[in-house]
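Fold and geometry: a report
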Amino acid sequence: MRRFYPLTAAGIFSLFLFLALAWPVSAALVAASQADYVEGEVLVRFRPAQTTDDAARIAGVHGSEWKQHFAQLSQHEGRVIGLLHSTKTTAALLAELRADPAVESAEPNYLRYPTSLRVPNDPRFGLQWSFQNTGQMANGDFGTSNVDISFLKAWGLARPATNEIVVGVIDTGLDSHHPDIISNRWTNLGEIAGNGVDDDGNGYVDDIHGYDFSLNTGAIADSGFHGTHVSGTIAASGNNNIGVIGVDFQAHIMTLKVSGNGTNFSSAAIVSAFQYATHMKGRGVNIVALNGSYGGGGSSSTERSAIQAAGDAGIIFVNAAGNDTNNNDSSPVYPASYRLPNMIVVAASDQNDSLANFSNYGATTVDLAAPGVDILSLAPTNLPSSFASVVQSNSLIGARTLEFAGTTTSNGITSAIYYCGLGNPGDFPRAVTNNIALIQRGTLDFTVKVANAMAKGARAAIIYNNIPGNFNGTLVGPSNWIPAVAISQADGTALSSLTTTGTVVNFPDIYQYLDGTSMAAPHVAGAVAFAALNFPNDTVAQRIRRVLTNTTPIAAFSGKVVTGGRLNLARIVDSDGNGLPDWWEQQYFAKTSGVATNADPDQDGQNNLAEFLAGTIPTNSASVFALATTTRTNATIFKLQWPSVSGHFYRLLRATNLATGFNTILQTNITATPPLNLYTDTPPATVKAAYYRLQLEP
């Protein structure tokens, strides 16, 4: 029996299309829609007889200034074209210019926005650099802006979910009660929990959320921590104001537990997990991927056959490449080196687009890289990790807990920080008593440094590195240790030169950072689920092709992985990068490239991008995001009406004077009630005119 080991190293304009609609209260009109614009600016085209000097003079007459002249475009068009700026409102300036005989046309300086999902409200999203890398610090390490999987952009282009998508995780189990995954567990609707009966007749008793193939039971509690972390990267719940978010935060996790001790997996248990998943796929469960963040041992024909059988059923197997800095081309590892047509093998990259220093690679045997360093995800609630930080002058310094160190409350320990050299007994100033000791790494073991600090009465200890970056350390075993954390050389050097007060935080946490190709693989498994959401009819080969042909080329990965690239979630859904998702282009134009973003094929005043964002049909002029009619029921009450699309939300604003803008928000987050939404408004009795603006909410 071969054993495997977890591969862990020691509005937005995607829905922020603004449409301005206005009319007097005294009339019921069909309003034309227009996109939002820069207030006080107008794009103007003068008639051919006007020179640039004429244009500047005319601009002055209308209380505006010539802000920009489009010289090349003007030469091409044979007339002066440019941008005017004024302290007047756009509406007022447009009215004047359009009435001027020297002006051929005038239009707002419309705003366009990137098609991206709004940043989710999960409070630790900012630490998930693999989803949005701003160069932020994560687990004590800084990254490079935009070195990420383009998560927000991808989800701004996603197809609305229509059915359940399931990812099976072959691992140590799952803390299925973790608040950030509980809503995204797969549930076997044919089984009754806890009755000891195989209700659905599939051969497994009480397989409610999966099964434990190491102990043959329906209890799937994590025997370690690995499976919970992997599952969170794939499908942690999104926008729930809790913790983190998963790559496909709408997917459901089928837990396929194959370890009773949390440290290794047997071939037999793994084969059983594949067999179960394949069987349930045949029963109609939409399992699109299996994640295997493990490897080790030799080749197994039985396991190989089980993986292939899953592929024949339509399931992709995503496998970690390994953490031995090994060239898998010359030294095969398994199961990564089976190279079956339904497999994707994943190396680990860091937040600066380098191959992780532990990651296996292979120019012909490892398919792509994905983030696998300093990955924040779930920790089992019964085995909390520690959240460590140092706060000084409102600046958060990334820290790592020393194993077995004492804990604090979430507020930490606030006290004066004293530099204590290398931590020798004579290095501690007398004032460190009841305060925080700052100690440099080197010469002495961590246990000795911290013990000496405790002997001098320190309440907490900070140890800073003697080489660039942060480090992981241990106090060897449990004891009555004070809280002790590690920080980088740069941060420690800066603190050592200050006389300052700071806060040391080290409290139990149900989230943790981990490194490994184990962390890279679930990014890709989540990407497979995302591909299945957008292209539900793809075959296994087509789905794999979408993932692998749309990576971001990175020089560091050339010759290291087959694609020479790193996972890019956005390119999976928008392969030509034109801002229109491939599934949408295929639906309305029967092609996935060559569709012009700014074209307006149905001539309804909204281009293709605007139609996509609003959920309207680009080839049907009757389908347009606009306030279609108003009905006046008496002198002061109006019924507003507009076509609406399921899944969208709207905002309605009112102005009584266009010069002062739309300063009254009537209602936000109005839920769509297809095919039409109705809204009744009663402007103040003293108002002579009312103007309305309809907006899409993100």
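Reading the values: the criteria
- Residues numbered from 1 in each chain as written.
- Predicted model: local features only at pLDDT ≥ 70, side-chain atom pairs only at ≥ 80, totals over all residues.
- Heavy atoms only, no water.
- Buried < 20%, exposed > 50% of the residue type's maximum accessible area, 1.4 Å probe, protein only.
- Helix = DSSP H or I, 4+ residues; strand = E, 2+ residues; numbered from the N terminus.
- Arc of directions from axis to C-beta.
- Pairing = 2+ DSSP bridges.
- Phe/Tyr/Trp six-rings, centres within 6.5 Å; stacked < 30°, edge-to-face > 60°.
- Lys NZ or Arg CZ within 6 Å of the ring centre and 35° of its normal.
- Axes fitted to C-alpha atoms, helices over the stretch in contact; angles between N-to-C directions.
- Parallel < 35°, antiparallel > 145°, perpendicular 65-115°, else oblique.
- Left-handed = near helix turned anticlockwise from the far one by under 90°.
- Contact = heavy atoms within 4.5 Å.
- Nonpolar A, V, L, I, M, F, W, Y, C, P; charged D, E, K, R; others polar.
- Core = buried A, V, L, I, M, F, W, Y, C linked by side-chain atoms within 4.5 Å.
- Salt bridge = Lys/Arg side-chain N within 4 Å of Asp/Glu carboxyl O.
- pLDDT = per-residue confidence, 0-100.

1. Observations regarding helix α11 (residues 540-548)
- Within α11 the residues assigned to the buried category are Val-540, Arg-543, Ile-544, Val-547 and Leu-548. End-on view of α11: buried residues confined to an arc of 125°, all on one side of the axis.

2. Thoughts on the sheet that holds strand β20 (residues 395-398)
- Ordered in space as β20-β19-β26-β22-β23-β24-β25-β21, the 8 strands form an open sheet in which the pairing is mixed. Each end of this open sheet is capped by a strand with a single partner; those strands are β20 and β21 (400-401).

3. Concerning the pairing of strand β31 (residues 638-643)
- On β31, burial follows the alternation: Phe-638, Leu-640 and Trp-642 on one face are buried, whereas Lys-639, Gln-641 and Pro-643 on the facing-out side are not.
- Pairing analysis gives 6 bridges linking β31 to strand β34 (residues 676-681), with the strands arranged antiparallel. Counterpart to Trp-642 in the pairing with β34 is Asn-677.

4. Examining the packing of aromatic side chains
- Per the stated rule, a full pass over the model turns up 24 aromatic pairs.
- A ring pair is formed by Phe-125 and Phe-151, whose centres lie 6.0 Å apart and whose planes are at 45°; its orientation type is tilted. With Phe-125 in the loop between β6 (103-110) and β7 (137-138) and Phe-151 in helix α4 (residues 151-156), this pair connects stretches of sequence that are 26 residues apart.
- With a relative accessible area of 0%, Phe-151 lands in the buried category.
- With centroids separated by 5.8 Å and ring planes inclined at 70°, the aromatic side chains of Trp-584 and Phe-612 adopt a geometry described as edge-to-face. You can see Trp-584 sitting in helix α13 (residues 582-589) and its partner Phe-612 sitting in helix α14 (residues 608-614), a full 28 residues away along the chain. The same class applies to Trp-584 and to Phe-612, which are both buried.
- Counting every residue linked through ring pairs, the aromatic cluster contains Phe-125, Phe-131, Phe-151, Trp-155, Phe-249 and Phe-530.
- The ring of Phe-471 has Arg-441 sitting right over it, with the charged end atom 4.5 Å from the ring centre.

5. As for the packing of helix α6 (residues 267-282) against helix α7 (residues 301-312)
- Where α6 contacts α7, the two axes come as close as 9 Å, and the packing angle between them is 15°. Put simply, α6 runs roughly parallel to α7. Relative to α7, α6 is oriented so that their crossing is left-handed. Contact residues: α6 offers Ile-270, Val-271, Phe-274 and Thr-278, while α7 offers Thr-302, Glu-303, Ala-306, Ile-307, Ala-309 and Ala-310.
- In terms of residue class, the contact of α6 with α7 is made up of 7 nonpolar, 2 polar and 1 charged.

6. Overview of the nonpolar core
- Counting residues in hydrophobic clusters, the biggest one holds 73 residues, and the most contacted among them are Phe-151, Ile-344, Val-524, Leu-567 and Leu-569.
- Those residues in contact with Ile-344, other than ones at most four positions away along the chain, are Ile-316, Phe-317, Val-318, Asn-319, Asp-367, Leu-368, Val-524, Val-528, Ile-544 and Leu-548.
- Trp-186, Phe-213, Ala-321 and Val-366 belong to the second-largest nonpolar core, a separate cluster that totals 40 residues.

7. Structural notes on the pattern of salt bridges
- Across all of its chains, the model carries 13 salt bridges by this definition.
- Here Arg-45 and Glu-77 are joined by a salt bridge, their closest N and O atoms 3.3 Å apart. Residue Arg-45 is located in strand β3 (residues 37-46), and its partner Glu-77 is located in helix α2 (residues 71-77); the two are separated by 32 residues in the primary sequence.
- Taking relative accessible area as the criterion, Glu-77 reaches 29% and is therefore assigned partly exposed.
- Of the charged contacts in the structure, one is a salt bridge between Asp-681 and Arg-654, with a shortest N-O distance of 2.9 Å. In this pair, Asp-681 is assigned in strand β34 and Arg-654 in strand β32 (residues 649-655), connecting sequence segments 27 residues apart. Considered together, Asp-681 and Arg-654 belong to a single accessibility category, that of buried residues.
- Connected via shared salt-bridge partners are Asp-141, Asp-374 and Arg-400.

8. Observations concerning helix α1 (residues 52-61)
- Looking at α1, one finds that the buried residues are Ala-55, Ile-58 and Ala-59. Taken down its axis, α1 places every buried residue within 105° of arc, on the same side. Exposed residues lying more than 90 degrees from the buried face of α1 are Asp-53 and Val-61.
- Two residues or fewer past α1, Gly-63 is found with a positive phi of approximately 70°.

9. What about unusual backbone geometry?
- Put simply, Tyr-334 and Pro-335 share a cis peptide bond, and its omega is 10°.
- In this model, Pro-674 is joined to Pro-675 through a cis peptide bond whose omega is 5°.
- Residue placement: Pro-675 occurs in the loop between β33 (664-671) and β34.
- The phi torsion at Ser-150 lies on the positive side, around 60°, for a residue other than glycine.
- Relative to the helices and strands, Ser-150 is located in the loop between β8 (141-142) and α4.
- When its relative accessible area of 21% is taken as the criterion, Ser-150 is described as partly exposed.
- Its identity as a non-glycine residue notwithstanding, Val-476 has a phi of 75°, on the positive side.
- In this structure, Val-476 sits in the loop between β24 (460-464) and β25 (484-487).
- Accessibility expressed as a relative area gives 64% for Val-476, which makes it exposed.

10. As for the confidence of the model for the chain
- Mean pLDDT over the chain works out to 89, with 92% of the residues at or above the 70 mark.
- Long-range and interchain partners of residues 10-35, a stretch whose pLDDT sits below 50, account for 107 contacts in this model, where long-range means more than four residues apart.

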